Amino acid sequence: MPELPEVETLCRQLNGFLPGAKILGIDILDPRLGKREVEGLAGRKIGGIYRQGKYIRIEMGKRGQNPVISEPGKGQKKIKPKRSDDRLTAALHLRMTGRLLWQTSGGPAPSYTRLIISFATGRLILIDPRRFATFCIRPVETAPALVANPLEELPSQSLKKIAEKRRLPVKSLLMDQRFVAGIGNIYACEILYHAGIDPRRQAGGLSGAEWRKVQKASATVLPRAVECRGTSISDWRDLFGRSGENQNHLEVYSREGKPCHRCRGTIERTKIGGRGTWFCPACQR
Ligand SMILES: [Zn+2]
């Protein structure tokens with residue numbers, strides 16, 4: 001399942017070449033995505049691409065110039081722009097198994113292709129075997145404020161305040177998308193290992209100093225994962241179909257029975273909120 005670093009990787013890669021490109025056409029291959037959503041998108045130019053939590057937001061400009069009509073004897077008059085000429089944002093969420101692929105060569109679309117956005121230089125393809133990914137179009141002004149790195153931006157004091165009201169393990173709180181947008185199972189395990197905090201502890205019991213450790217750990221773990229273009233444990237691939245490299249840097253995730261890199265003790269596995277959780281009982285208190 002793509003988490004914050006994987007989605008950030010896609011956004012950065014898209015931002016590298018897509019802004020300014022004009023949409024030539026959109027093909028929806030899965031009726032579940034809804035044809036109505038993409039009406040009127042052809043002809044629009046891509047603006048910026050942003051990550052918000054695990055959403056990929058693609059801004060699209062107006063459809064070219066407003067048409068000009070000539071009226072005999074009255075000169076030229078511009079037609080008033082319609083609602084459909086407003087700027088739009090496409091919000092894409094990959095959910096469980098969605099991925100994006102940039103294809104410059106022709107040829108058939110890969111298996112499980114659900115959506116194809118065509119440009120002069122190539123096409124952007126949404127592939128999703130389990131069909132949970134969502135794609136919807138909104139006017140630009142209703143797009144909520146952008147979140148860069150939720151943990152970096154939230155001061156540790158407010159993390160503590162939010163946590164005090166919640167009765168659940170700290171790991172579950174980190175994975176709560178209403179609290180921190182973008183952290184899933186892999187990175188919650190890694191962040192808590194780096195912070196030296198036992199994932200089973202009640203979130204409300206962490207001190208301000210401990211929340212600062214969580215904050216610092218996430219500011220190390222997440223950017224490094226972005227540098228590595230994400231973690232390819234199962235099916236994650238970047239925009240160009242390459243595996244990420246962060247799986248080579250994981251310190252606890254999926255390492256039960258192996259030695260801890262810090263204390264040489266043994267990494268253990270437990271379940272929290274139904275999800276496999278890995279930690280070092282000696283280093284994480
Ligand atoms: Zn250890």
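Before reading on, note that the structure itself is shown above.
Residues numbered from 1 in each chain as written. Predicted model: local features only at pLDDT ≥ 70, side-chain atom pairs only at ≥ 80, totals over all residues. Heavy atoms only, no water.

Q: Which residues make up the overall build of the protein chain, and what values do they have?
A: When helices and strands are tallied, the protein chain shows 6 helices and 12 strands. Burial status across the protein chain gives 49% buried among its 285 residues. Counting only contacts in the protein chain whose residues sit at least 6 apart along the sequence, the fraction spanning at least 24 positions is 62%. (Helix = DSSP H or I, 4+ residues; strand = E, 2+ residues; numbered from the N terminus. Buried < 20%, exposed > 50% of the residue type's maximum accessible area, 1.4 Å probe, protein only. Contact = heavy atoms within 4.5 Å.)

Q: An account of the pattern of salt bridges is requested, with residue identities and associated values reported.
A: Scanning all chains against the criterion turns up 13 salt bridges. Notably, a salt bridge pairs Glu-8 with Arg-51, separated by 2.7 Å at the nearest N-O pair. Within this pair, whereas Glu-8 is found in helix α1 (residues 4-15), its partner Arg-51 is found in strand β2 (residues 44-52), the two being separated by 43 residues in sequence. Overall, the relative accessible area of 7% leaves Arg-51 in the buried class. Note that Arg-229 is salt-bridged to Asp-238, the shortest N-O span being 3.0 Å. (Salt bridge = Lys/Arg side-chain N within 4 Å of Asp/Glu carboxyl O.)

Q: Kindly report on the environment of Ala-203, identifying the contributing residues and their values.
A: Following the sequence through the fold, Ala-203 ends up in the loop between α5 (185-195) and α6 (208-227). When the C-alpha positions of Ala-203 and Glu-164 are compared, they lie 7.0 Å apart, and in sequence the two are 39 residues distant. Among all residues touching Ala-203, those that are not within four sequence positions of it are Ala-163, Leu-168, Pro-169, Val-170, Leu-173 and Trp-211.

Q: So, the sheet that holds β2: which residues are in play, and what are the values?
A: The 4 strands lie next to each other as β2-β3-β6-β10, forming an open sheet whose pairing is antiparallel. Strand pairing shows two members of the sheet lacking a second neighbour, β2 and β10 (134-139), which therefore form its edges. The sheet shows a mean angle of 25 degrees between the axes of neighbouring strands, direction not considered. The pairing of strand β6 (residues 88-93) with β10 spans 6 bridges and is classified as antiparallel. If you follow Leu-92 over to β10, its bridge partner there is Phe-135. Against the sheet, α1 contacts β2 and β3 (55-63), and its axis sits at roughly 155 degrees relative to β2. (Pairing = 2+ DSSP bridges. Axes fitted to C-alpha atoms, helices over the stretch in contact; angles between N-to-C directions.)

Q: Can you explain the pairing of β3? Please cite residues and give values.
A: Of the strand pairs in this sheet, β2 and β3 are connected by 6 bridges, and their pairing is antiparallel. Each bridged residue has a counterpart across the sheet, and for Ile-46 the counterpart in β3 is Met-60. Connecting β2 to the next strand, β3, in antiparallel fashion are 2 residues, including Gly-53 with a positive phi near 60 degrees.

Q: Quick one: what's the story with the nonpolar core, residue by residue and with numbers?
A: In terms of nonpolar packing, the biggest core is built from 36 residues, with Ile-191, Trp-211 and Val-214 touching the most fellow members. Mapped by element, the contributors of at least two residues to this core are α3 (156-164), α4 (170-174), α5 and α6. In terms of residue count, the dominant contributor to this core is α5 (8 residues). Excluding anything up to four places from it in sequence, Val-214 contacts Leu-174, Ile-191, Leu-192, Ala-195, Ile-197 and Leu-206. (Core = buried A, V, L, I, M, F, W, Y, C linked by side-chain atoms within 4.5 Å.)

Q: Describe α1, listing the residues and the values that go with them.
A: End to end, α1 covers 16 Å across 12 residues, agreeing with the expected 16 Å (1.5 Å per residue, within 8%). With respect to burial, α1 is a largely interior element, 10 of its 12 residues being buried. Residues of α1 that are buried include every one of Leu-4, Pro-5, Glu-6, Val-7, Glu-8, Thr-9, Leu-10, Cys-11, Gln-13 and Leu-14, and no others. (Expected span 1.5 Å × (residues − 1).)

Remember, this is a structural readout, not a statement about activity or role.
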